[in-house]
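Report on the structure
Read off the chains here:
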Amino acid sequence: MATTSTTGSTLLQPLSNAVQLPIDQVNFVVCQLFALLAAIWFRTYLHSSKTSSCIRHVVATLLGLYLALFCFGWYALHFLVQSGISYCIMMVTGVENMHTYCFVFALGYLTVCQVTRVYIFDYGQYSADFSGRMPSLLEYLSYTCNFMGILAGPLCSYKDYITFIEGRSYHAAQSGESGKEGIQGERTEPSPNAAVVQKLLICGLSLLFHLTICRRLPVEYNIDVHFQATASWPTRVLYLYVSLLAARPKYYFAWTLADAINNAAGFGFRGYDKNGAARWDLISNLRIQQIEMSTSFKMFLDNWNIQTALWLKRVCYERVSTSPTIQTFILSAIWHGVYPGYYLTFLTGTVMTLAARAVRNNFRHYFLQPPQLKLLYDILTWIVTQIAISYTVVPFVLLSVKPSFMFYSSWYYSLHSLGILVLLLLPVKKTPRGKNTHENAQLSRSKKLDEGENSLGQNSFSTTNSVCSQSQEVASRHSSLKH
């Protein structure tokens, strides 16, 4: 099955050969750079003050579908099929039941496509990936297929997107700041240029790191027989951490570029900080510094694939009555695809998350004072967290059952055993779960970020084939529509 269009492959094959990158990755980067230029044009010439919302919807949709066809070929028709059927379901079932029916259909359609992609056509090879107020059909297609997010997201709420298209995002962000409506209303519309340039610099550094260093530190070397037989345990632990560290910059590149594209179009403004500087992180998908300096499993997950984590929190974690963490990880695994490695990672992640929570709840308060003891605690928990995260996500990269079990068996399933032992010996406190709206969750996250805290939902997303994984998020969008 062709996963890139004939035109895209033909035009960009020489460039792919020159930079020694797979054609699908070259297609993705070129299309995202085109989307960045289109976003600047969109904000300049199709600003909400100059043209109608209808025109903005039409242009955003057509450009998005063109990019999808260029990257995925006719396989991109799944976007339209799924969008069309989901919209019909919404129209038939009505407002009260549309969330449930759309969620079931989108997840079922996603699973069928994933099974077809993986087990019938090209296991382990690149392929187009899936996942998954009553709007008009045009608004719905614009939301799911707009050029700013069709290739790599980030996921956003329908309300935020429509507010942006209709030109109400600046007013909404300003009026949301308590006690400052009068002052903020006098400000002119902020420019995203500084935020876009900063994010493009991060993209450049991430891409440079990926092209120069990541290839020299393959994750697969962790299961190399000679390496396992000759390397000392400290060397193996260090290489595990460094190889997974080297695997992350490509996600930093893809998600930060996607965020920059949305910002360049004028989407992503979230008000002003206490110093009066404009914030452009409404739909940001990650915080690199917090990820790399995480001192707990939860802190890592809270800052990785943030928008998808919010979706998982809304549709699963806050709604189920029993074992919310386990059910959320299972849903996340299904959402990602059908490779066995995904399920091994999320099952392991469930144990690691619950065990880390139990340790934190039972011991952390003993190490808060004096500051020197707290520093020692932070250093120790950083080391443990980075090793645990790396250990957990190896199957996500390896994909298959045999190499995943080869890795875990070479570690004697030590962290699995330790996690289960912790859960058996330590009391586990139930975490209170309030049913917050998306806006409240975003505001809470923003406030805690200002205070140096980090506490949100939970999800991990990483896969070697995910450079074009926005089609997964399209299905997720179907399930998260708000009226």
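Note that this is a predicted model, so its numbers are computed, not measured. (Residues numbered from 1 in each chain as written. Predicted model: local features only at pLDDT ≥ 70, side-chain atom pairs only at ≥ 80, totals over all residues. Heavy atoms only, no water.)

**Here's the deal with the nonpolar core**
To keep things clear, this is the line we draw: Put simply, buried Ala, Val, Leu, Ile, Met, Phe, Trp, Tyr and Cys residues joined by side-chain atoms within 4.5 Å make one nonpolar core. Exposed residues in this analysis have more than 50% of their type's maximum accessible area, buried residues have under 20%, and partly exposed residues fall in between, with area computed by a 1.4 Å probe over protein chains only. Contact between two residues is taken to exist if any of their heavy atoms lie within 4.5 Å; hydrogens are not considered.
By size, the foremost hydrophobic cluster in this structure holds 55 residues, and its most contacted members are Phe42, Phe147, Leu151, Tyr161 and Phe164. Look past the residues within four positions of Phe42 in its chain and what remains in contact with it is His47, Arg56, Val59, Ala60, Phe147, Phe164, Ile165 and Ala265.

**With respect to the UniProt feature "transmembrane region" (unreviewed entry) in the protein**
Cut-off, in case you're wondering: UniProt positions are given in the numbering used here, feature names are shortened, and annotations may be inferred rather than shown by experiment. Each helix is a run of DSSP H or I of at least 4 residues and each strand a run of E of at least 2, with the numbering of both proceeding from the N terminus.
If you check UniProt for "transmembrane region" (unreviewed entry), the listed places come out as residues 26-46, 58-81, 341-359, 379-399 and 411-428 in our numbering. Along residues 26-46, the helical share is 95% and the strand share 0%, with 28 Å between the first and last C-alpha atoms.

**A look at the pattern of salt bridges**
Quick reminder of the rule: The working definition used for a salt bridge is a side-chain nitrogen of Lys or Arg within 4 Å of a carboxyl oxygen of Asp or Glu.
Evaluation of the coordinates by the stated rule reveals eight salt bridges. Here Arg270 makes a salt bridge to Asp281, at a shortest N to O gap of 2.7 Å. One end of the pair, Arg270, is in the loop between helix 12 (249-264) and helix 13 (288-292); the other, Asp281, is in the loop between helix 12 and helix 13, with 11 residues separating them in the sequence. What makes Arg270 buried here is its relative accessible area of 12%. A relative accessible area of 18% places Asp281 in the buried class. Here Lys374 ties to Asp378 by a salt bridge, and the two come within 2.9 Å at their closest N and O atoms. In this pair, Lys374 and Asp378 are both assigned in helix 18 (residues 371-398), four residues apart and thus about one turn of the helix distant.

**Remarks on the packing of aromatic side chains**
Convention followed: The rule is short: rings of Phe, Tyr and Trp, with Trp giving its six-membered ring, pair when the centres are within 6.5 Å, and they are stacked under 30 degrees, edge-to-face over 60, tilted in between.
The full count for this structure, using the stated rule, is 36 aromatic pairs. For the pair Phe367 and Tyr377, a centre-to-centre distance of 5.2 Å together with 20 degrees between the ring planes defines the contact as stacked. Separated by 10 residues along the polypeptide, Phe367 in the loop between helix 17 (340-363) and helix 18 and Tyr377 in helix 18 bring together distant segments of the chain. A ring pair is formed by Tyr408 and Tyr413, whose centres lie 6.3 Å apart and whose planes are at 40 degrees; its orientation type is tilted. The exposure class assigned to Tyr408 is buried, which follows from its relative accessible area of 2%. Overall, Tyr413 belongs to the partly exposed group, its relative accessible area being 32%. One aromatic cluster is present, built from ring pairs that chain together Phe42, Tyr143, Phe147, Tyr158, Tyr161, Phe164 and Phe267.

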